[in-house]
Amino acid sequence: MAPKRDFLKIPDLSARETLDLLTLAADMKTGRYQERPMSGKTLAMIFAKSSTRTRVSFEVGALQLGGHALFLSSRDIQLGRGEPIRDTARVLSRMVDAIMIRTFAQDDVEELAKFATVPVINGLTDLRHPCQILADLLTVQETFGSVQDRVVAWIGDGNNMANSWIEAAGLLGFELRLACPEGYEPDHGIYHATKAKTKILITEDPDEAVEGAHVINTDVWASMGQEEEMELRKVAFQGYVVDADLMARAAKDAIVLHCLPAHRGEEITEDVLDGPQSRVFDEAENRLHAQKALLAMLLK
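Now for a quick tour of the structure. Everything quoted here is computed from the prediction, not taken from an experiment. (Residues numbered from 1 in each chain as written. Predicted model: local features only at pLDDT ≥ 70, side-chain atom pairs only at ≥ 80, totals over all residues. Heavy atoms only, no water.)

Helix and strand counts for the protein chain stand at 12 helices and 9 strands. Expected size for 300 residues packed as a compact globule is a radius of gyration near 19 Å; at 19 Å, the protein chain falls within 12% of this value. Summarising its shape, the C-alpha atoms of the protein chain cover approximately 55 × 45 × 35 Å along the three principal directions. Within the span of the protein chain, comprising 300 residues, buried residues form 56% of the whole. Summarising the internal contacts of the protein chain: among those between residues at least 6 apart in sequence, 75% fall at separations of at least 24. Counting every atom, the protein chain has about 12,900 Å² of accessible surface; 50% of that belongs to carbon and sulfur. The protein chain carries 33 positive and 46 negative side-chain charges, and their two centres are separated by 7 Å. (Helix = DSSP H or I, 4+ residues; strand = E, 2+ residues; numbered from the N terminus. Rg over C-alpha atoms; globule rule 2.2 N^0.38 Å. Buried < 20%, exposed > 50% of the residue type's maximum accessible area, 1.4 Å probe, protein only. Contact = heavy atoms within 4.5 Å. Areas by Shrake-Rupley, 256 points an atom, 1.4 Å probe, with all protein chains shown as cover. Lys, Arg positive; Asp, Glu negative; His and termini not counted. Charge placed at Lys NZ, Arg CZ, Asp CG, Glu CD.)

Adjacent strands of a sheet form backbone hydrogen bonds with each other and so pair up, either parallel or antiparallel. Read across the open sheet, the 5 strands follow the order E7-E6-E5-E8-E9; overall the sheet is parallel. The sheet is open, and its two edges are formed by strand E7 (200–203) and strand E9 (255–258), each paired on a single side. Averaged over all pairs of adjacent strands, the angle between strand axes in this sheet comes to 20°, irrespective of strand direction. Alignment of strand E6 (residues 175–179) against E7, held across 4 bridges, turns out to be parallel. In the strand pairing of E7, Ala179 is matched with Thr203. Where helix H5 (residues 130–144) meets the sheet, it contacts strand E8 (215–218) and E9, and its direction lies at approximately 165° from that of E9. On top of the sheet, helix H6 (residues 160–172) reaches strand E5 (151–155), E6, E7, E8 and E9; it is set at about 160° to E6, its chief contact. (Pairing = 2+ DSSP bridges. Axes fitted to C-alpha atoms, helices over the stretch in contact; angles between N-to-C directions.)

For E6, a buried count of 5 out of 5 residues is recorded, marking the element as mostly surrounded by other parts of the structure. On E6, burial covers both faces: Glu175, Arg177 and Ala179 on one face and Leu176 and Leu178 on the other are all buried. Of the strand pairs in this sheet, E5 and E6 are connected by 5 bridges, and their pairing is parallel. Residue pairing in the sheet places Trp154 in a bridge with Leu178 of E6. Of the crossover connections in this fold, the one passing from E5 over H6 to the parallel E6 is right-handed. Taken together, E6, helix H7 (residues 188–194) and E7 constitute a β-α-β crossover, and its handedness is right-handed. (Right-handed = clockwise from strand over helix to strand, strands pointing away.)

Moving on, we come to the side chain of Thr269. Along the polypeptide, Thr269 turns up in the loop between E9 and helix H11 (270–273). Under the relative-accessibility criterion, Thr269 is labelled buried at 18%. Excluding its chain neighbours within four sequence positions, the residues that come into contact with Thr269 are Val241, Val242, Asp243 and Ala244.

The next subject is the sheet that holds strand E1 (residues 42–47). Judged by pairing direction, the sheet is parallel, and its 4 strands sit side by side in the order E2-E1-E3-E4 without closing on themselves. Two strands lie at the open edges of the sheet, namely strand E2 (68–73) and strand E4 (120–124), each paired on one side alone. In this sheet, neighbouring strand axes are inclined to one another by 20° on average, regardless of whether the strands run parallel or antiparallel. Relative to E4, strand E3 (residues 98–102) is paired through 4 bridges, and the arrangement is parallel.

Along E9, one buried face is formed by Ile255 and Leu257 and the opposite face, lined by Val256 and His258, is buried too. Looking at chain direction, E8 and E9 are connected through 4 bridges and run parallel. Looking at E9, one finds that Asn217 is bridged to Leu257.

The next thing to look at is the packing of aromatic side chains. Tallied over the entire structure, the rule returns 5 aromatic pairs. Aromatic side chains Trp221 and Phe237 sit 5.9 Å apart centroid to centroid with 20° between the ring planes, which places their arrangement in the stacked category. Of the two residues, Trp221 is situated in the loop between E8 and helix H9 (230–236) and Phe237 in the loop between H9 and helix H10 (244–247); the sequence distance between them amounts to 16 residues. Here Trp221 and Phe237 have matching classes, each one buried. Taking the relative accessible area as the measure of exposure, Phe237 reaches 0% and is therefore buried. By way of ring pairs, the aromatic residues Tyr184, Trp221, Phe237 and Tyr240 are connected into one cluster. (Phe/Tyr/Trp six-rings, centres within 6.5 Å; stacked < 30°, edge-to-face > 60°.)

The subject of this paragraph is the pattern of salt bridges. Applying the stated criterion across every chain, the model contains 22 salt bridges. The salt bridge partner of Glu142 is Lys29, with a shortest N-O separation of 2.7 Å. In this pair, Glu142 is assigned in helix H5 and Lys29 in helix H1 (residues 15–30), connecting sequence segments 113 residues apart. Since its relative accessible area comes to 27%, Lys29 is described here as partly exposed. As a salt-bridge pair, Glu167 and Arg128 come within 2.9 Å of each other at their nearest N and O atoms. In this pair, Glu167 is assigned in helix H6 and Arg128 in the loop between E4 and H5, connecting sequence segments 39 residues apart. A residue is classified by how much of its surface remains accessible, and Glu167, at 7% relative accessible area, is buried. (Salt bridge = Lys/Arg side-chain N within 4 Å of Asp/Glu carboxyl O.)

Here it is as structure tokens:
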């Protein structure tokens, strides 16, 4: 039996595996792929954070692949009452075929994977959001054919999305520019581990990041768990808005991404979010297809 595979961060897949996954996801989206590799299998989904896209895409994806998904809120299972993660991992591994977890600490996901004997998928942590990046890469591929010869710009908070974009750039070799206010830069460890692998720029100037870029990407100024910082962040992030003026500096065929939910009028204006360059709702749908491909790969 092959050793189990986990997907806790983008580099857990090789560049070749990532490109193959995107091809498989595209085949699933168009209906060319009709197999049901999860027939008779169950995915346990642990949620310590609320979710729309993560829950629906994994639940529907498991069903479409012939399997079943269990929604497990941390408020409703013993994990929320103090059961150690390692014990939860051991118990679930005896009953299900894979585990997806959406939580706060990356360390918790790492511990779950260490003690689980079935594949573990990181559905989101405060440090990384790798499943969203797979969907984003699929969206870029649909538009341009490939991400590897494109320039990606990130505007706003150096959050889990920014960190996973850095890891994707290092893996696939595309140019990445991140514009973040002082004090809100991406994780230094992830950046320093990746910066030698490709061209990555971190700047405080959104104009510099966007100039000639093909993919303009942003997220809310305050993520879940940071709501008490909102007023402070509103001051720090003034000027870090994806609007028509900023888009005018990008490549003429540039697209706009946002992982949602969006705060219209804050990090992105309504006319851009709903405009002709937006691929935001394609991107949201692509969570389903990218994660189906991931499940098929991990459970083959």
